[in-house]
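One letter stands for each residue in the lines below.
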Amino acid sequence: MPTVNLTQMNTHEIIQKVVEFGGDGVVKCIQCGACASICPVSHAGFPLFCKQLIRKVQTGYEEEILDDPSTWACVACNRCVEVCPRGVNPTEVIFAFRRIQANELAISTSSLMSQSNLYEKGHAVLSGESKKLRVKVGLPENPPTSVNDEKAQKEIQTLLDNSPMADLGIF
Amino acid sequence: MAKVGVYVCHCGSNIAGVVDVAAVREYAETLPDVVVSREYLFMCSDPGQELIRKDIKDGLVDRVVVAACTPRTHEPIFRKALESAGLNKYFFEMANIRDQDSWVHGDDHAGATRKAKQLVASAVAKAANLEALEDTYVDVTQAAMVVGGGVAGIFAALDLANMGHKVYLVEKEPSIGGVMAQLDKTFPTNDCSACILTPIMVEVGTHPNIEMLTYAEVEDVDGYIGNFKVKVRKKQTYVDWTKCTGCGACAEACPAKVPDSFNCGMNDRGAAYIHFPQAVPKKAVVDMKHCLNCAGHKIGQEPRISKKTGEPMLAPCEKACAADAINRSLPWNPEGELIEIEVGTVVLATGYRVMEKEHFKEYAPDSPNVLTALQMERLISATGPTGGKLLRPSDGKKPKVLDFISCVGSRDIRHHTYCSRVCCMYMIKQARLLMEKYPDLEIYMHFIDVRTPGKDFDEYYTHAAEMGIHFIKGKPGGIEMLPDDRLRVLGYDSAMGENIEVDADLVILATAIELPEDAQKLAQKFSMTMDGSGFFKELHPKLKPVDTPIEGVFLAGCCQGPKDIPDTVAQAKAAAASAAIPLAQKRVKIEPILSEVYPEKCSGCGICVPLCPYNAISLKPYADRPRAVIDMTQCKGCGVCASACPSGAIILHGYTDDQIYSQIAALTQSA
C-alpha cells in the first residue's frame, strides 16, 4: 500500500460533508474499536466497517473509498451506537457516507434489490421465508402494511419520485 | 532465665497460604526459654497486639518474638506494644517469615515451613540474649532548608515558613521559578504560568521567614536529622545586589552574546543579564565566563585612563548602571562566598531537565525547525524570543503545518524506560493554544498512545480532537529534510494499518524528563539512593512517598520522578508537612542500635576511623593514649567498626557478638 501524505489530504472537506449529512460524531472518535468488535459488517469480512470508515474519513480519504461496497452492508442494527463510549453514533457516520456515495452514484449493486423493493412494496427487505413463519405462529400470511396495499404503494412511489432519490435513476 | 513468648502471624493468607503456621507454633513451644507460643490471623492488628500486651502484663513473658513480616515496616508497631505493656521495647525480635520465606518459597510448602521454624529458632535464641536499651534525644535546630527554587521548592518553603519556621531556600540560578517560569500556559485549565506563579514568587521573596539564597549551590552536608550543617556556596554575581535595582540597563549595554538558557538557547543574552523579566529577586549577574572585559577593564583592576580625555575607561555595564552596583575595580572573589547553615530538616526539590534533541539522530536534530517541546513553550510565550509569535526558526516565517512526536526518549529502552507523564498533556496543550491563536494551522500529533490520567485531562484531549487537531496512533521512525527547510515525518497510522507521512514546517519533539547531572552530584552529598529510573528514591513508594533513607531529608517534585504541576505542588506541601514534624517536636529520638567503644579494651590503633562511612569515629585522649570515640549522633549502627576492631573493643548494641553467635547456633541446628 502506498504511503499517504497527510499534508496533501483535504481532511476538512470530507469531514465537513460527513458532518452535514448527519455524521457529526466522526470528529469524536478515538478509535477504541468497540464498534468494530460487534459490527456485523466487520464480522462478515467487509474491509470498510465502522471504525475503519471513520478513521479513513478523519484522514481525509474520499475518492479512494467511494466505490467500496462495505457501507451498503450495514443493516443499521445500531449495536455500535449502543457500545460507543464517545457518542460517535457510528451508524450515522456510515449513513452519511452512503449519502455521499449515492450523490456520486457510487451505489453498490448489492443494495439495488432492496432499493427497488422499497420503491415497489415499501419494504427494503422482503422474504418468502417470513410468510411461512407468520403462518406457523398464527398470523396472516402478509403483514398489514404497504406490501398488500396498492394505494399505500402508490403513495410511497409518489414520495420517492419527489425525493432526491429519484435523481439517482434506480427506480 | 528469659521468658520468651513467640507469636506467629498468618498475615491473612500471605504466610498461612504457604507455611504451616500451626506446626511452626508447636515447634516454637519446644525451644529453650520459650514459655508460650501463639498464632493469630493478623498480629499487627489491635487484637493481635493485645495478645502480646496481656502476656506481658500477666507476667508470663519478658521477651517477645513475632514471626511475621518485615521489621522495616512493623518493628516500630510491636516495640510500641511492648512499651505500652511496661516492658523495655528492645526486648523484641522479629522473624521475617513472609518477605524472606512464604513469598519466595510459594512452590515449596514443606521447605518454607522448615525455614520458618529455623528463623523462629534463631530469633528466639537472640531474644534470650537481648539487653535493655534506652532511646536518647537531641534538640532540633529550628530551621529548614529547601534546595531548589522551582514550583516544588517554592511551595515547600512557603508552607514551612507559614508554619512559623525559618527557611533557607537555595537556588542555583539567579532567580527562583524553575522550569514552570519558562512555561507559557498550563494544562488543563490553560491558565498562564507566569500569572499564577509570579505572585507566589513575590510572596516567597518578601516572606519574613524565608531567606532566599539564589545563585547558590550546596557544596557539602554534614550532620543528621535535627542538626544538619550545610555548606552553601554563594556564587559570585559581580554585581552588588544591595544596590542593584533590577533595571536591566547593564544587560542591555553588554555586547557579549551567550545562548540564553531561559529561552532554551533560541536567542542570545549578554554576559551581564537578568535571568528573566519576572525574576525574584530581580537582580543582575555578570557571567564572567563569557565576559568580554570591555574597555580592557578586568575585574579587580583599576580602569585604564583614556589618552584622549584623561578619564578612566569603564566597561559599558559599569557606565550603564545608575545605581552604582557594578564596580569592576573591586576585588571580587571569583569563588564567591562559602557559608555554613545549620538546619533541622531539609527538603530536596531540585527538579529536572528535558533531553536535548541532539540525542535523537533519527529526528533531524540539525534542522533549526526541529524543536524540543520546552523550546516550543518559549516560542509561544509572550516573554519568549519572538514575543509569543509563532515563527519558524530557519526563516522567521509563519509555519502552516506543525507535527508533534511523543515519547521521544521516554518508554524507550535506549534512553529511559519510564513514561515522562506530562508530555501527552503539554503537547495537546501547545496544539490547542496554537489552534486557538492560528485557526488556519494544520497540526498533527503522533502518539504510541495518549495518556491522560488526571482530573479533567481526558476531556481536554478529546476536545482537542474535536477542534480538528489530527491524532495519529503510531510513533514515527524518522524525519527527512526537504529542500525548503520543511521536514517530512515518516509515520504509521496503526488505526488504518497504513504508512503515512506529514510534510511539516515545524516538528516538536516531546523529549523525556530526566535528572540533571548536578542533581546526581547533590544526591551523593545528601547520601540519597537512586531508583531504577535515575531519580531520587523515596523510602516507600506508597507509605513514605516524601521520606528518604536519610532521616530528616525529604523529597518534592520531579527530582523524585516525572510529575505535573498539580502533583508537584501536592508533593511539595506533603514534604513541607513532613519536614515540619521534627521542628515541631523540637527534639528527635536517637535509637540505641549504635556502636560504642569500651575504652579500656581499645588499643588506639585507629583502624576503625577511616572505615566509618559516616565520619562518626575520632581518636581522643583517654588515660595514657588516644582511643576511639564514636559520636552517637553520627553513628548509623552499620557495624563496620565493630566487625573490624582487632581488640573486640567495639560493641554494636542490639547486635552483640553473643546475640549473633546464638542466632548462628540456632540456625545451624536442623529444625
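Draft legend 1. Focus on the domain arrangement of chain A. Domain parsing of chain A yields domain 1 (6–103) and domain 2 (109–168). Placing a centre on the C-alpha atoms of domain 1 of chain A and another on those of domain 2 of chain A gives a separation of 27 Å.

Draft legend 2. Representation of the sheet that holds strand E23 (residues 470–473) of chain B in the model. Residue and element names in this part refer to chain B. Pairing within the open sheet is parallel, and its 5 strands lie in the order E20-E27-E21-E22-E23. Edge strands, defined here as strands with exactly one partner in the open sheet, are strand E20 (370–372) and E23. Direction aside, neighbouring strands of the sheet carry axes that sit 20° apart on average. Bridging between E20 and strand E27 (residues 506–511) involves 3 bridges; their strand directions are parallel. Bridging from a neighbouring strand, Leu 371 pairs with Ile 508 of E27.

Draft legend 3. Fine view of the interface of chain B and chain A. Listed as interface residues are 21 residues of chain B and, on the opposing side, 22 residues of chain A. Buried surface at the junction of chain B and chain A, both sides included, amounts to about 1,800 Å², of which 50% is carbon and sulfur. Run the count over chain B and chain A and you get 3 salt bridges. Of the charged contacts in the structure, one is a salt bridge between Arg 55 of chain A and Asp 493 of chain B, with a shortest N-O distance of 2.8 Å. Taken together, the links from chain B to chain A amount to 14 residue pairs in polar contact (both at pLDDT 80 or more). Residue contributions to the side of chain B that touches chain A peak at 6 residues, all from strand E26 (residues 498–504) of chain B. As paired elements, strand E1 (residues 4–5) of chain A and E26 of chain B share 2 bridges and run parallel to each other.

Draft legend 4. The packing of helix H10 (residues 373–380) of chain B against helix H11 (residues 423–437) of chain B, seen in detail. Residue and element names in this part refer to chain B. Direction vectors running N to C along H10 and H11 enclose 30°, while the axes themselves pass 11 Å from each other. In terms of axis orientation, H10 runs roughly parallel to H11. For the pair H10 and H11, the sense of crossing is left-handed. For the pair H10 and H11, contact is made by Ala 373, Met 376, Glu 377 and Ile 380 and by Tyr 426, Lys 429, Gln 430, Leu 433 and Leu 434, respectively. Of the residues assigned to the contact of H10 with H11, the class counts are 6 nonpolar, 1 polar and 2 charged.

Draft legend 5. Layout of the pattern of salt bridges. Residue and element names in this part refer to chain B. Enumeration according to the criterion identifies 40 salt bridges over all chains in this entry. Note that Asp 135 and Lys 589 form a salt bridge whose closest N and O atoms lie 4.0 Å from each other. Of this pair, Asp 135 sits in the loop between helix H5 (109–128) and strand E5 (136–139) while Lys 589 is found in strand E30 (residues 587–590), placing the two residues 454 residues apart along the sequence. Among the residues examined, Asp 135 registers a relative accessible area of 16% and is labelled buried. The class for Lys 589 is partly exposed, based on a relative accessible area of 36%. Asp 449 is the partner of Arg 411 in a salt bridge, and the nearest nitrogen-oxygen pair spans 2.9 Å. One end of the pair, Arg 411, is in the loop between strand E21 (401–408) and H11; the other, Asp 449, is in the loop between strand E22 (442–447) and helix H12 (457–466), and 38 residues separate them in sequence. A cluster of three or more residues bridged by salt bridges with shared partners is formed by Arg 25, Glu 29 and Glu 39.

Draft legend 6. Quick peek at the environment of Thr 386 of chain B. All names here are of chain B. Inspection of the secondary structure assignment puts Thr 386 in the loop between H10 and E21. Counting along the chain gives 119 residues from Thr 386 to Asn 267, while the straight-line C-alpha distance between them is 9.1 Å. Setting aside chain neighbours within four positions, we find Thr 386 in contact with Leu 379 and Leu 391. Polar contacts involving the side chain of Thr 386 include one to the main-chain carbonyl oxygen of Leu 379, which spans 3.3 Å.

Draft legend 7. Representation of the side chain of Thr 70 of chain B within the structure. Summarising the element assignment, Thr 70 of chain B is placed in the loop between strand E3 (63–68) and helix H3 (71–84). Residue contacts for Thr 70 of chain B: discarding those within four places in its chain leaves Glu 75, Met 94, Asn 96, Arg 98 and Asp 99 of chain B.

Draft legend 8. Representation of the state of the cysteines within the structure. All names here are of chain B. Counted by the stated rule, this structure contains 1 disulfide over all chains. Residue pairing for Cys 192: its cysteine sulfur links by disulfide to Cys 195, the two sulfurs lying 2.5 Å apart. When the S-S torsion is 85°, as for the bridge of Cys 192 with Cys 195, the disulfide is right-handed. Cys 638 takes part in no disulfide bond, and the closest cysteine sulfur to it belongs to Cys 612, at a distance of 6.2 Å. This cysteine, Cys 645, is not joined by any disulfide, and Cys 605 carries the nearest cysteine sulfur, 6.3 Å off.

Draft legend 9. Here's a closer look at the packing of helix H6 (residues 151–162) of chain B against helix H14 (residues 565–585) of chain B. All names here are of chain B. For the pair H6 and H14, the least separation of the axes is 8 Å and the interaxial angle reads 40°. When the interaxial angle is binned, H6 and H14 end up oblique. As for how H6 packs across H14, the hand of that crossing is right-handed. Taking contact as the criterion, the partners of Val 151, Ala 152, Phe 155, Ala 156, Asp 159 and Leu 160 in H6 are, on H14, Thr 568, Val 569, Ala 572, Lys 573, Ala 576, Ala 579, Ala 580 and Leu 583. When grouped by side-chain class, the residues that make up the contact of H6 with H14 number 11 nonpolar, 1 polar and 2 charged.

Draft legend 10. Representation of the environment of Val 81 of chain A. Residue and element names in this part refer to chain A. Structurally, Val 81 is set in helix H5 (residues 79–83). We classify Val 81 as partly exposed; its relative accessible area is 30%. The residues touching Val 81, leaving out its near neighbours within four places in the chain, are Asn 89, Pro 90 and Thr 91.

Draft legend 11. Structural detail: unusual backbone geometry. In the segment running from Phe 187 of chain B into Pro 188 of chain B, the intervening peptide bond is cis, with an omega of -5°. Across the junction of Val 280 of chain B and Pro 281 of chain B, the peptide omega takes the value 0°, indicating a cis bond. The residue Ala 76 of chain A is not glycine, and still its phi comes out positive at about 55°. Judged by relative accessible area, which is 32%, Ala 76 of chain A ranks as partly exposed. Although it is not a glycine, Arg 411 of chain B adopts a positive phi angle of roughly 55°.

Quick notes on the rules
- Residues numbered from 1 in each chain as written.
- Chains lettered and ligands numbered in written order.
- Predicted model: local features only at pLDDT ≥ 70, side-chain atom pairs only at ≥ 80, totals over all residues.
- Heavy atoms only, no water.
- Domains from an automatic or database assignment.
- Pairing = 2+ DSSP bridges.
- Helix = DSSP H or I, 4+ residues; strand = E, 2+ residues; numbered from the N terminus.
- Axes fitted to C-alpha atoms, helices over the stretch in contact; angles between N-to-C directions.
- Contact = heavy atoms within 4.5 Å.
- Buried area = accessible area lost by both parts, 1.4 Å probe.
- Salt bridge = Lys/Arg side-chain N within 4 Å of Asp/Glu carboxyl O.
- Polar contact = N/O pair within 3.5 Å; in protein donor to acceptor, adjacent residues only side chain to side chain.
- Parallel < 35°, antiparallel > 145°, perpendicular 65-115°, else oblique.
- Left-handed = near helix turned anticlockwise from the far one by under 90°.
- Nonpolar A, V, L, I, M, F, W, Y, C, P; charged D, E, K, R; others polar.
- Buried < 20%, exposed > 50% of the residue type's maximum accessible area, 1.4 Å probe, protein only.
- Disulfide = S-S within 2.5 Å.

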